[in-house]
Amino acid sequence: MLPALPSQAASSNLLKISSVSDWNQFANNVDNGNSYEGYLVVLTDDLDFSNQDITMAGSYTDSFAGTFDGRGHTFKNVTKISNNYRNFALFYLVTGTVSNINMDNIRIECGGAGICLEADEGALIDNCHIQSGNIITNTSTGVSGGIVQKLYKATIQNCSNSASIASDCYIGGIVGEVINNNNSRIINCYNFGDISGIYNAYSGGICGWASETTEFINCYNAGKVSGKEGFFGAICGMNGIALNCYMLEGASSVTMNSKKQTEVISTKSQSEMKTQSFADELNKNLRDGCRKWVCDSGNYPEVDDTINPIVQKISGKTTYSLASPSGSKKISINASAYTKLSYKVTSGKKYIKVNKKGVVTIKKNTKPGTYKIKVTAASDDIFKKATKTIKIKVS
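Residues numbered from 1 in each chain as written. Predicted model: local features only at pLDDT ≥ 70, side-chain atom pairs only at ≥ 80, totals over all residues. Heavy atoms only, no water.

Attention shifts here to a positive patch on the surface. Taken together, the side chains of K344, K349, K374 and K385 make up a positively charged region of the molecular surface. The topology assignment puts K344 in strand β39 (residues 341–347). (Patch = residues over 30% accessible without salt bridge, like charges linked within 9 Å, V, L, I, M, F, W, Y side chains within 5 Å. Areas by Shrake-Rupley, 256 points an atom, 1.4 Å probe, with all protein chains shown as cover. Salt bridge = Lys/Arg side-chain N within 4 Å of Asp/Glu carboxyl O. Lys, Arg positive; Asp, Glu negative; His and termini not counted. Charge placed at Lys NZ, Arg CZ, Asp CG, Glu CD. Helix = DSSP H or I, 4+ residues; strand = E, 2+ residues; numbered from the N terminus.)

Turning next to the packing of aromatic side chains. Using the criterion set out here, one finds 26 aromatic pairs in the structure. Note on W23 and F75: the rings are 5.2 Å apart at their centroids and 80 degrees apart in plane angle, and the pair reads as edge-to-face. Taken together, the positions of W23 in helix α1 (residues 20–31) and F75 in strand β6 (residues 74–76) put the pair 52 residues apart, joining distant regions of the chain. Per residue, the accessibility class of W23 equals that of F75, and both read buried. Judged by centre distance (5.6 Å) and plane angle (85 degrees), the rings of Y36 and Y39 are edge-to-face. Chaining the aromatic ring pairs together yields one cluster made of W23, F26, Y36, Y39, F49, F64, F68, F75 and F91. (Phe/Tyr/Trp six-rings, centres within 6.5 Å; stacked < 30°, edge-to-face > 60°. Buried < 20%, exposed > 50% of the residue type's maximum accessible area, 1.4 Å probe, protein only.)

As a further point, take the confidence of the model for the protein. Interpretation of the predicted coordinates at a detailed level should be avoided for regions scoring low in pLDDT. In this model, the protein carries a mean pLDDT of 90, and residues with pLDDT of at least 70 account for 91%. Considering only residues more than four positions removed or in separate chains, one finds that residues 1–11, a stretch of pLDDT under 50, has 22 contacts. (pLDDT = per-residue confidence, 0-100. Contact = heavy atoms within 4.5 Å.)

Quick look at unusual backbone geometry now. Residues other than glycine seldom take positive phi values, yet N77 does so here, at roughly 55 degrees. Located in the positive-phi region is N100, a residue other than glycine, with phi close to 60 degrees. A relative accessible area of 8% places N100 in the buried class.

This part takes up the sheet that holds strand β42 (residues 369–377). Overall, mixed pairing links the 4 strands, which are arranged β36-β43-β42-β39 in an open sheet. The open sheet has two edge strands, β36 (319–322) and β39, and neither has a second partner. Averaged over all pairs of adjacent strands, the angle between their axes in this sheet comes to 20 degrees, without regard to strand direction. Both β36 and strand β43 (residues 386–394) contribute to a ladder of 4 bridges, which runs parallel. Across the sheet, L322 pairs through a bridge with V394, a residue of β43. (Pairing = 2+ DSSP bridges. Axes fitted to C-alpha atoms, helices over the stretch in contact; angles between N-to-C directions.)

Next up on the list: the side chain of S63. Relative to the helices and strands, S63 resides in strand β4 (residues 63–64). Exposure remark for S63: the relative accessible area of 15% places this residue in the buried category. At a separation of 3.2 Å, a polar atom in the side chain of S63 contacts the side chain of T95. Apart from the residues within four sequence positions on either side, S63 is in contact with V30, N34, S35, L93 and T95. (Polar contact = N/O pair within 3.5 Å; in protein donor to acceptor, adjacent residues only side chain to side chain.)

Let us now look at the environment of I108. For I108, the location among the structural elements is in strand β11 (residues 106–108). I108 sits 36 residues away from S144 along the chain, and the two C-alpha atoms are 10.0 Å apart. Leaving out residues up to four positions away in the same chain, I108 has contacts with K80, F88, A113, N134, I135 and I136.

The next subject is the pairing of β42. Of the strand pairs in this sheet, β39 and β42 are connected by 6 bridges, and their pairing is antiparallel. What sits directly across from S342, in β42, is T376. In this sheet, β43 lies alongside β42 in antiparallel orientation, the contact comprising 9 bridges. Looking at β43, one finds that T376 is bridged to T387.

A separate point is the pattern of salt bridges. Scanning all chains against the criterion turns up 5 salt bridges. One salt bridge connects K76 with D46, and the closest N-O pair in it is separated by 3.7 Å. Residue K76 is located in strand β6, and its partner D46 is located in the loop between β2 (40–43) and β3 (47–48); the two are separated by 30 residues in the primary sequence.

Spatial strand order, β37-β41-β40: 3 strands in an open sheet with antiparallel pairing. Here the strands that pair on one side only, and so sit at the sheet edges, are β37 (329–332) and β40 (352–354). When the angles between neighbouring strand axes are averaged without regard to direction, this sheet yields 20 degrees. As paired strands, β40 and strand β41 (residues 359–362) are joined by 3 bridges and run antiparallel to one another. If you follow I352 over to β41, its bridge partner there is I362.

Looking at the element boundaries, M56 is found in the loop between β3 and β4. Here M56 falls in the buried class, since its relative accessible area comes to 7%. When the C-alpha positions of M56 and G208 are compared, they lie 23 Å apart, and in sequence the two are 152 residues distant.

Over its 12 residues, α1 runs 16 Å from end to end, which matches the ideal 16 Å to within 8%, given 1.5 Å per residue. Of the positions making up α1, those classed as buried are V20, D22, W23, N24, F26, A27, N29 and V30. A positive backbone phi angle near 105 degrees is found at G33, which sits one or two residues after α1. (Expected span 1.5 Å × (residues − 1).)

Next up on the list: the environment of S342. Position of S342 relative to the elements: it lies in strand β39. Beyond its immediate sequence surroundings of up to four residues, S342 is in contact with K374, V375 and T376.

We now examine the nonpolar core. In this structure, W23, F26, F91 and I125 are the most contacted members of the largest nonpolar core, which totals 71 residues. If you look at the next biggest cluster of nonpolar residues, it comprises 22 residues, including I352, V354, I390 and V394. (Core = buried A, V, L, I, M, F, W, Y, C linked by side-chain atoms within 4.5 Å.)

Below you can see the structure in the form of structure tokens.
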């Protein structure tokens, strides 16, 4: 059995990560086959990896299938110069959801990406931001992306990159390569980092190489895109469908490369981009799941990265039925949530009572009827308060 982290709450499938050692233990668990499917994993503090090694979560065959919520916290000073011929990212393979992560001052010199190496079928990467740093590889198979290295039948939304990226193969500010014709989507994303294709590379401000059906929706690139003896474009180096996308004037001499591409890409000057009117234009094209664009005076628009409390649900039965007891009878309410539960009788106080553990006492010869108990899951700095009504039916 894989070791559990100290803050793991197995009864509610909640795991909290608050330290570098917590992360490395969690990452080793994924690498050893624990997918955390059905778990909510929450980052509760910034993690500083200065002079500390970091473990990548998972492998080519061992995916993370749960929900990871970074809560807007930051992985700081992550450095990987060599990774035993492996590329690097926080996660190797994601088949679940990873959201609300920031990374600052990263230095990845073995190729890869910030968040994950591969987002596989059904995966969602949401509201993740690389704030500064460098991602470099100099091998002919060095696919690199700011957020994701390779995308397969998955979605990236509300993400940004400000790291400089250089590679010999497929290279993009958000994703390096979209694998095969799989209808992957990159939505509401933007890049500020310089993208440099070394020799025969496919380079793009958002994506390096995409399938013909890959959709780029409501994205923009303000980073410089360049390449040597390869293909490069402000949005994508090769292929894809661009809808309501924008590029900074002078960022690239080419918008996208492919005879089969479909593009709706507008060029804007820096003064045009750094306006509320540009943010308003982006907000007109929002899709489901997209965050609103906001613009501080004199800056480029960015997605609103406000972190709201997580909505939780109280699980368990809602109705308990029994015959009127000839003597007092006890039943236990089988309820669970991420936070502490409390119980209160709201109907039938004359006949029933409930203790703080959710044990209900039905008095002798209780009159037939339906009695109600309110179950409350408390709010805290992560979760929103939740309530549920339990019915006790006496016949």
